[in-house]
Amino acid sequence: MLSVENVQSGYGNKLAIKDVSVEIGRGEIITLIGANGAGKSTTLMTICGVVPCRAGRIVFEGREIQALPPEEIVRMGICQVPEGRHIFPQLTVKENLDMGAFLRRDKAEVKKDIDYVFSLFPILAERRNQDGGNLSGGEQQMLAMSRALMARPRVLLLDEPSMGLAPLVIRQIFEIIRQINRENNTTIFLVEQNANQALHIADRGYVMENGRITLTGKAQELLDNKDIQKAYLGI
Ligand code: ATP
């Protein structure tokens, strides 16, 4: 469905990703794990057109997208939940959700999707008139995911959804990622430092070091791999 082929990108004269290839099939949950600074966020931002692709190709459903502007990529069905959430703090929960549906004209369906995200995250329904900035970290993560879902993505790119959250909230967020994948067949590309949790919900995984993919395999194979256990799972 989405294929990243020998992609390079970076900032100024620094290449943050040097040669990255990733294949994501329709309906899969794929995780990208790696240490701080390995290039995981840059990979996501290159897919969604925020950081320009300098070499290689990114192909979504048969069409090259690496030179398209970010809003066109969102319109095609790829949506990112950025690291640090970046919700609109001075807008209410409901207004944040409306922003997620900004490019849509199908008002009745938008209303259905608001009901759907409120069913996924009932706490957001309770807080619909509160400012986003007054929510807890976990609630802001839920709002950021919900806002992305309002664009009805076919591929959801999630950047470190567990960052800074309590273990119970992390479990809840990961369970809902699985639910979104199952209920809507939404394809998920999940970047995580929390390799253990990510590999437990993923079908397959990629390991990134210094801007390159160094290993890939089924999630269970990576969980059983002694090097991965030592480097990323704390075993
Ligand atoms: P983390 O988990 O810490 O976010 P990451 O694997 O997502 O790490 P990136 O954020 O993609 O890694 O960073 C890859 C490299 O690019 C790092 O060396 C980082 O310092 C650098 N980098 C990231 N963003 C910028 C930027 N806006 N300007 C310059 N360099 C950047």
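Located above this text is the structure these notes cover.
Sequence order sets the numbering: in each chain, residues are counted from 1 along the sequence as written. Reporting in this predicted model follows two pLDDT cut-offs: at least 70 for local features of residues, and 80 or more for side-chain atom pairs to be given and counted; totals over whole chains, interfaces and linings ignore these cut-offs and use all residues. Side-chain measures here rest on the full set of heavy atoms in the structure, leaving out hydrogens and waters.

Chemist: How would you sum up the packing of helix H3 (residues 93–100) against helix H4 (residues 107–120)? Please name residues and give values.
Modeler: A fitted line through C-alpha atoms represents every axis, and for helices the fit uses only the stretch in contact; the resulting angles, taken between N-to-C directions, go from 0 to 180 degrees. The secondary structure listing takes helices from DSSP runs of H or I that are at least 4 residues long and strands from runs of E that are at least 2 residues long, numbered from the N terminus. Their axes nearest at 11 Å, the elements H3 and H4 cross at an angle of 125°. On the basis of the axis angle, H3 is oblique to H4. Seen from above, H3 lies across H4 with right-handed handedness. Where H3 abuts H4, its residues Val93, Lys94, Leu97 and Asp98 lie against Ile114, Val117 and Phe118. Under the convention adopted here, Pro, Cys and the residues Ala, Val, Leu, Ile, Met, Phe, Trp and Tyr are nonpolar, Asp, Glu, Lys and Arg are charged, and Gly plus all remaining residues are polar. When grouped by side-chain class, the residues that make up the contact of H3 with H4 number five nonpolar, no polar and two charged. An angle below 35 degrees is read as roughly parallel, one above 145 as roughly antiparallel, one from 65 to 115 as roughly perpendicular, and any other as oblique. Each crossing gets its hand from how the near helix is turned against the far one by less than a right angle, where anticlockwise is left-handed and clockwise is right-handed. Contacts: residue pairs with any heavy atoms within 4.5 Å of one another.

Chemist: Give me the layout of surface pockets: which residues, what numbers.
Modeler: Method remark: on a 1 Å grid restricted to protein atoms, a set of points is classed as a cavity if a 1.4 Å probe fits but cannot get out and as a pocket if it is open with protein on both sides within 12 Å along at least five of seven lines; lining residues have an atom within 4 Å of a point. Grid points are joined across faces, edges and corners, and a volume is the space filled by probe spheres set on the points. Its volume calculated, the largest pocket comes out at about 690 Å³. Lining the largest pocket are 23 residues, and of these Val74, Cys79, Met99, Gly100 and Ala151 lie nearest its centre. Residue assignment for the lining of the largest pocket shows that the elements contributing at least two residues are helix H2 (70–76), strand S6 (78–81), H3 and helix H6 (137–149). It is H2 that provides the largest number of residues to the lining of the largest pocket, a total of four residues. In terms of residue class, the lining of the largest pocket is made up of 14 nonpolar, four polar and five charged. Domain delimitation follows an automatic or database domain assignment. If you count residues domain by domain, the lining of the largest pocket takes at least three from each of domain 1 (1–77 + 155–235) and domain 2 (87–152). Every residue along the wall of the second largest pocket is listed here: Asp113, Tyr116, Val117, Leu149, Met150, Arg152, Pro153, Asn184 and Thr186. Among the elements that line the lining of the second largest pocket, the one with the most residues is H4, at three residues. Here the residues of the lining of the second largest pocket are counted per class, giving five nonpolar, two polar and two charged.

Chemist: If you had to explain the site of the ligand to someone new, which residues and values would you point to?
Modeler: A cutoff of 4 Å decides nearness: a residue is near a molecule or strand if any of its heavy atoms lies inside that distance of it. Near the ligand lie 14 residues; those nearest to it are Asn36, Gly37, Lys40, Ser41 and Thr42. The accessible surface values rely on the Shrake-Rupley method and a 1.4 Å probe; as for residues, cover is taken only from the protein chains in view. Coverage of the ligand by the protein amounts to 63% of the 630 Å² it exposes when considered alone. Within the residue set of the shell around the ligand, elements represented by two or more residues are strand S2 (14–24) and helix H1 (40–47). Residues belonging to the shell around the ligand are distributed by class as follows: four nonpolar, six polar and four charged.

In short, shape yes, function no, at least from these values alone.
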